[in-house]
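Examination of the molecular architecture
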Protein chains: 4
Amino acid sequence: MIISMKLGATQVELDDVMKAVETSGFRPFLNPGVERQVVAVLGEVDIDKVELMDQFSNMAGVERVQLISEPFKLSSRQAHPGPFSVSVGEVSIGGTRIVVIAGPCSVESESQVLETARAVKASGARLLRGGAFKPRSSPHSFQGLGEKGLKMLATARAETGLPIVTEVMDPHDLDVVCRYADMLQIGARNMQNFSLLRWTGQTRHPVLLKRGPGSRIRDFLMAAEYILAEGNPNVVLCERGIISFEDASRYTTDINAIPILKGLTHLPVILDPSHATGNWAWVKPIALAGIAAGADGLIVEVHPDPQHARSDGKQSLKPSKFADLMAGVARVAPAVDRSI
Amino acid sequence: MIISMKLGATQVELDDVMKAVETSGFRPFLNPGVERQVVAVLGEVDIDKVELMDQFSNMAGVERVQLISEPFKLSSRQAHPGPFSVSVGEVSIGGTRIVVIAGPCSVESESQVLETARAVKASGARLLRGGAFKPRSSPHSFQGLGEKGLKMLATARAETGLPIVTEVMDPHDLDVVCRYADMLQIGARNMQNFSLLRWTGQTRHPVLLKRGPGSRIRDFLMAAEYILAEGNPNVVLCERGIISFEDASRYTTDINAIPILKGLTHLPVILDPSHATGNWAWVKPIALAGIAAGADGLIVEVHPDPQHARSDGKQSLKPSKFADLMAGVARVAPAVDRSI
Amino acid sequence: MIISMKLGATQVELDDVMKAVETSGFRPFLNPGVERQVVAVLGEVDIDKVELMDQFSNMAGVERVQLISEPFKLSSRQAHPGPFSVSVGEVSIGGTRIVVIAGPCSVESESQVLETARAVKASGARLLRGGAFKPRSSPHSFQGLGEKGLKMLATARAETGLPIVTEVMDPHDLDVVCRYADMLQIGARNMQNFSLLRWTGQTRHPVLLKRGPGSRIRDFLMAAEYILAEGNPNVVLCERGIISFEDASRYTTDINAIPILKGLTHLPVILDPSHATGNWAWVKPIALAGIAAGADGLIVEVHPDPQHARSDGKQSLKPSKFADLMAGVARVAPAVDRSI
Amino acid sequence: MIISMKLGATQVELDDVMKAVETSGFRPFLNPGVERQVVAVLGEVDIDKVELMDQFSNMAGVERVQLISEPFKLSSRQAHPGPFSVSVGEVSIGGTRIVVIAGPCSVESESQVLETARAVKASGARLLRGGAFKPRSSPHSFQGLGEKGLKMLATARAETGLPIVTEVMDPHDLDVVCRYADMLQIGARNMQNFSLLRWTGQTRHPVLLKRGPGSRIRDFLMAAEYILAEGNPNVVLCERGIISFEDASRYTTDINAIPILKGLTHLPVILDPSHATGNWAWVKPIALAGIAAGADGLIVEVHPDPQHARSDGKQSLKPSKFADLMAGVARVAPAVDRSI
């Protein structure tokens with residue numbers, strides 16, 4: 001249930017509504033809207049909701065009470081009408097300007113990160129990605145450099161000015177990752193690691209939440225809901241391919257998810273064409289497709305020497321190919337009223 | 001196996017190669033290439049193919065013999081290097097110019113077809129689609145107007161000049177459909193109706209082959225192979241969405257399939273954003289995504305009054321929305337070096 | 001809509017109801033029930049069905065009128081309460097006794113068919129399967145022996161007494177296949193070849209309808225509906241594996257479909273563990289699982305020399321392995337109150 | 001790579017091999033086999049493995065060196081030939097005797113747990129399941145009673161003697177869960193929460209690892225590998241349904257996975273028919289199918305009052321229905337040479 005307050009509602013009126021929600025056994029959550037105050041009514045209580053709607057509708061300062069059919073509330077566009085963007089350092093994701101995040105899958109060495117950072121910045125990337133804690137299918141594979149890797153990312157940021165996006169996998173690592181990262185990434189395999197989502201929601205860091213490859217769009221939004229419910233509104237959603245019977249590509253890019261998500265939620269939506277295809281040869285056309293479909297940005301794997309990458313080499317672009325991709329984005333973006 | 005002849009190979013040299021293939025127990029198929037003659041070696045004989053490669057490689061006029069790892073031969077790009085396009089009347093599908101096919105799901109009345117045909121032509125569509133024989137999930141649903149519907153399409157063609165694309169479902173109907181249609185459509189549910197593919201391959205009509213929603217890309221190409229193997233080279237492939245666990249949209253647009261198919265085959269590839277999404281609200285962004293990803297065209301459902309359409313109303317565009325889609329295509333196409 | 005007549009309803013009362021249905025613009029279909037007469041109301045007319053229900057409910061001899069929420073009507077258990085079985089020669093599918101159909105994927109030679117037929121009969125199979133017209137992914141693969149193959153099957157039937165199940169792919173072949181076959185098989189790839197379904201429905205042959213690997217259960221029942229709507233009630237449904245992201249097996253056996261189908265429809269349901277797994281090593285455990293889940297029978301691929309089979313060798317059982325499978329079925333069947 | 005020592009190999013010979021593996025840059029892992037000692041060679045080093053195989057093969061006490069093509073090593077049947085079972089208290093999972101785990105989805109109250117525990121014990125269940133920390137799609141749903149719930153489970157154990165299986169979601173909760181639980185459950189959504197897997201591997205508790213609904217069988221085994229690689233060999237695998245396009249059931253039971261897993265790994269494999277179907281009406285037939293296919297046990301949701309369950313009520317059995325299921329298992333198990 002969503003209670004929208006009138007435009008000129010007073011603080012006292014708002015407080016009364018919040019108290020009434022609590023009395024009814026639910027948890028009120030004040031959604032910091034720009035134009036008007038919106039109270040989400042959270043929790044599951046065995047009370048006739050229609051009766052409750054009537055009760056709230058009659059209170060002073062209340063404009064409208066809506067029953068939400070979708071289970072996601074905080075991430076719903078209804079809860080946040082109007083524009084919304086997430087700031088990472090100086091970069092704003094979700095506005096007219098397309099944001100491209102680029103960098104290696106894994107941080108392997110300082111020179112590798114620095115070389116990549118310089119190259120992607122030169123081509124127009126605005127954030128640097130790189131994994132220091134790596135979720136790998138096998139425990140016997142390279143697991144990332146840990147804090148050493150984070151320091152290399154920080155060095156690259158110091159030189160290039162690009163804010164850092166990096167993955168956190170374990171609540172125990174959250175502190176150390178937060179010390180270095182500008183934006184936390186929740187990986188696809190942890191999309192329903194609800195504990196990690198909660199802990200992340202308690203930080204003030206913006207979060208890049210990747211869709212689980214076997215997760216429906218509504219479960220994706222419910223995962224975002226976990227972060228928002230802890231008080232952190234700064235979530236960017238990332239479509240990165242889903243599993244299907246088609247095995248010609250590593251995953252199936254769910255391009256439909258772009259307009260669907262943009263319709264359901266105010267949260268920014270970006271596309272990861274590297275994981276979604278699994279093959280560098282298809283990264284550019286799918287990246288352009290994502291922009292044409294309305295994505296707010298891209299996250300792309302770039303490696304100076306893909307053949308010797310310790311992970312995801314097959315889907316990583318060389319810096320020159322990335323430059324070519326960015327040239328393509330620069331042409332398609334204006335055709336859908338976006339800039340870069 | 002593919003035998004590429006030298007550029008200046010003589011007819012006698014070619015005939016010798018063809019004869020040698022037959023003697024070995026295989027069936028030679030001369031692929032009418034533009035630059036050079038290419039012989040596909042068809043059939044399954046228990047002979048050591050490597051030995052055979054050596055034998056053919058040593059013949060006069062032969063440039064190169066390649067073993068094909070993919071099971072599709074005639075539809076493989078290797079079998080047809082260089083550009084290729086399919087002509088439907090005056091319209092050429094597969095060149096630089098994007099071709100948009102539009103019209104109602106089902107032909108319902110002459111006025112409905114005429115009104116739609118005029119509107120889509122005005123917005124830039126170059127072929128008219130419309131179903132007279134309809135494959136419906138239920139035998140109790142509207143099954144199409146049959147030949148009466150074909151006549152209405154012909155009337156619309158006479159007035160607007162738009163060539164007609166219409167589905168054939170039953171070999172018994174092939175003659176009557178061929179009398180009216182400029183291009184035959186094989187529907188998604190019949191993609192592996194191998195008998196129908198063969199019969200269609202024996203006509204001289206260009207064929208629009210829709211991908212089965214549960215079919216892999218390689219099976220899609222093998223279905224095209226059935227038509228090509230009968231001697232009809234004029235096949236256009238249409239991605240129209242695959243099934244997946246995601247139920248927010250009717251199907252999942254396999255946008256990856258666009259660049260993958262363009263890499264594997266010389267056959268033109270178009271996208272059907274209407275079926276691939278199942279919802280008119282997502283048709284435009286997905287159509288633009290298809291163009292950005294490299295599709296050679298689109299097929300779009302348009303109905304003057306979607307709410308009263310006898311089929312697929314939910315995913316049909318009103319003429320005004322179609323005009324808006326075409327305006328979008330006109331902007332995105334040049335950004336990927338295509339025209340409209 | 002389903003109109004159930006009272007137990008003692010007269011022919012005149014029934015005729016009146018049938019006429020009233022026609023007058024309303026629908027098509028009445030008399031379902032030959034054992035205990036009571038049931039009229040299905042077919043077609044799509046823009047009439048308020050609730051109003052119509054009232055009208056019919058008030059007629060003499062009518063017991064009850066039900067709105068059917070499922071789109072399948074004739075194949076619904078509601079349309080045919082009580083037991084139902086399909087007879088193929090002397091064999092009855094759908095009763096307490098489990099029916100096992102066995103034989104080679106393709107008919108390759110008279111000796112191969114005869115040897116297999118003798119072996120599977122000795123182990124307890126009650127019908128003989130074998131393909132003479134083969135739907136193959138590639139036009140360049142072995143396509144079956146055609147009528148010559150049908151004759152070989154007939155020879156095997158003459159010697160062993162086993163009725164024959166064989167596939168029909170093309171309406172043009174229906175006559176010849178009907179001359180030899182005791183039961184027609186519609187293959188998985190033709191499950192939504194609605195023309196073929198209709199033609200088959202016009203024969204009096206029992207039909208084995210295989211589920212399309214990308215088809216939902218409700219579409220499977222709608223395909224059966226096409227056959228039933230033409231007046232042929234003798235349809236046996238066959239689960240044979242669906243496509244999924246899991247690639248360890250060729251298909252994913254949808255074992256849930258067995259109890260689900262048994263709940264929705266009166267039509268007998270059998271399992272094809274050969275296609276559903278794609279590997280002979282898993283055929284026996286999955287066959288037993290099918291029986292335990294409630295299947296009415298099995299169809300199993302058996303070949304005297306799987307390594308040299310012209311199709312599906314990997315999933316074919318040797319006669320000795322088939323005997324072992326049958327021994328397993330003989331133990332599991334009584335544990336779920338079935339016999340063999 | 002797997003190094004199998006000869007049956008009478010000495011400790012000195014074994015130590016030498018372990019040292020040689022370390023020197024080569026890999027990590028040796030001594031697999032505590034019953035009959036013979038087996039050393040797994042872990043890690044990824046850029047060394048020619050064939051060369052290394054030769055080197056190790058020549059060492060004293062070595063019987064055989066095998067390259068493992070599958071990426072899972074410790075969970076591979078090759079690494080552990082011969083029988084294997086996991087002990088939970090007095091109960092042994094993986095032997096001839098079928099083990100059934102039963103209990104409510106969520107622990108809701110002491111009386112609910114006690115009533116259920118008594119009932120399932122009376123029907124033959126040998127372990128008690130119950131969730132105190134609940135992974136829920138929505139942050140606004142009931143999240144479990146936490147330690148209070150664990151105490152209720154302990155009370156039920158004290159009375160009935162049934163060991164307890166309960167889920168752990170967060171590394172921070174591992175200590176408290178370990179204090180109460182006899183067996184730790186890793187839920188389906190955390191199957192690739194590699195941090196949690198590692199932490200769990202460092203306990204000495206047996207682990208019930210549920211398959212992620214979007215995870216391939218090889219990824220499932222790799223997840224088990226994470227636990228095993230930390231030194232905890234006591235993992236039981238649980239198939240609980242995968243996602244697919246079929247929406248008639250909540251998930252698709254991957255029954256093929258039972259024989260496939262039994263062939264690939266020595267780890268015990270059980271089936272969860274409650275989640276795999278999502279509907280109590282299909283739980284019994286699918287449970288019996290699992291036993292017939294070779295599962296070592298079942299985990300079943302039972303609730304004294306499913307209509308008022310706080311989670312998963314739709315798929316929970318009443319105690320009387322569970323008794324009926326157990327009666328069915330008691331009949332099917334002997335038909336596949338198992339007891340209960």
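Residues numbered from 1 in each chain as written. Chains lettered and ligands numbered in written order. Predicted model: local features only at pLDDT ≥ 70, side-chain atom pairs only at ≥ 80, totals over all residues.

Summing up its helical and strand segments, chain A has 11 helices and 14 strands in all. For 340 residues, the compact-globule formula gives about 20 Å, and the C-alpha radius of gyration of chain A, at 21 Å, lands near that figure. Taking the principal axes of its C-alpha atoms as reference, chain A extends roughly 65 × 45 × 40 Å. For chain A, the proportion of its 340 residues judged to be buried stands at 58%. Of the contacts made within chain A by residues no fewer than 6 positions apart, 66% connect residues no fewer than 24 positions apart. (Helix = DSSP H or I, 4+ residues; strand = E, 2+ residues; numbered from the N terminus. Rg over C-alpha atoms; globule rule 2.2 N^0.38 Å. Buried ≥ 20, exposed ≤ 12 C-beta atoms within 10 Å, placed from the backbone. Contact = placed C-beta atoms within 7 Å.)

Copy one and copy two of the chain differ by a rotation about a common axis and a shift along it. Once turned by 180° and shifted 0.1 Å along the axis, chain A lies on chain D with an RMSD of 0.1 Å. Look at the turn and shift together and you get a two-fold axis relating the two. Rotation axis and chain A: the residue whose C-alpha lies nearest the axis is Gly 214 of chain A, separated from it by 2.3 Å. Comparing interface residues between copies, 100% of those in chain A also lie at the interface in chain D; the contact surface is shared. (Least-squares fit on C-alpha atoms with pLDDT ≥ 70 in both.)

To continue, consider the sheet that holds strand S11 (residues 207–210) of chain B. All names here are of chain B. Ordered by their spatial adjacency, eight strands build a closed barrel running S7-S8-S9-S10-S11-S12-S13-S14, and the pairing between neighbours is parallel. The mean inter-strand angle of the sheet, taken between neighbouring strand axes irrespective of direction, is 25°. Sheet topology places strand S9 (residues 164–167) next to strand S10 (residues 183–186); three bridges connect them, and they run parallel. Bridge pairing in S10 links Thr 166 to Leu 184. Sheet strands touched by helix H7 (residues 217–229): S11 and strand S12 (235–239). Its angle to S12, the strand with the most contacts, is close to 160°. (Pairing = 2+ DSSP bridges. Axes fitted to C-alpha atoms, helices over the stretch in contact; angles between N-to-C directions.)

Moving on, we get to the packing of helix H3 (residues 110–123) of chain A against helix H4 (residues 147–160) of chain A. Residue and element names in this part refer to chain A. Put simply, H3 and H4 touch, their axes get as near as 9 Å, and they point 35° apart. Of the two elements, H3 crosses H4, and the hand of that crossing is right-handed. Residues Glu 110, Val 113, Leu 114, Ala 117, Arg 118 and Lys 121 of H3 lie in contact with H4, whose contacting residues are Met 152, Leu 153, Thr 155, Ala 156, Glu 159 and Thr 160. Of the residues in the contact of H3 with H4, the class split is six nonpolar, two polar and four charged. (Left-handed = near helix turned anticlockwise from the far one by under 90°. Nonpolar A, V, L, I, M, F, W, Y, C, P; charged D, E, K, R; others polar.)

This part is about the sheet that holds strand S3 (residues 38–42) of chain C. All names here are of chain C. Strand order in the open sheet formed by four strands is S2-S3-S1-S4, and the pairing between neighbours is antiparallel. Each edge of the open sheet is held by one strand with a lone partner, namely strand S2 (27–31) and strand S4 (62–66). For this sheet, the mean angle separating the axes of adjacent strands, direction not counted, is 20°. Sheet analysis places S2 next to S3, joined by five bridges and oriented antiparallel. Bridge assignment links Pro 28 to a residue of S3, and that residue is Val 41. Contacting strand S1 (2–5), S2, S3 and S4, helix H1 (residues 11–23) runs over the sheet at an angle of about 10° to S3.

So, on to helix H4 (residues 147–160) of chain D. All names here are of chain D. When the terminal C-alpha atoms of H4 are compared, their 20 Å separation across 14 residues agrees well with the 20 Å that a helix rising 1.5 Å per residue should span. What H4 keeps buried is the set Gly 149, Leu 150, Met 152, Leu 153, Ala 156 and Arg 157. Within H4, the buried residues cover an arc of 160° as seen down the axis, which keeps them to one side. Summarising the geometry of H4, the exposed residues directed more than 90 degrees from the buried face are Lys 148 and Ala 158. Along its buried surface, H4 packs onto helix H3 (110–123), strand S8 (127–129), strand S9 (164–167) and helix H5 (174–180). (Expected span 1.5 Å × (residues − 1). Arc of directions from axis to C-beta.)

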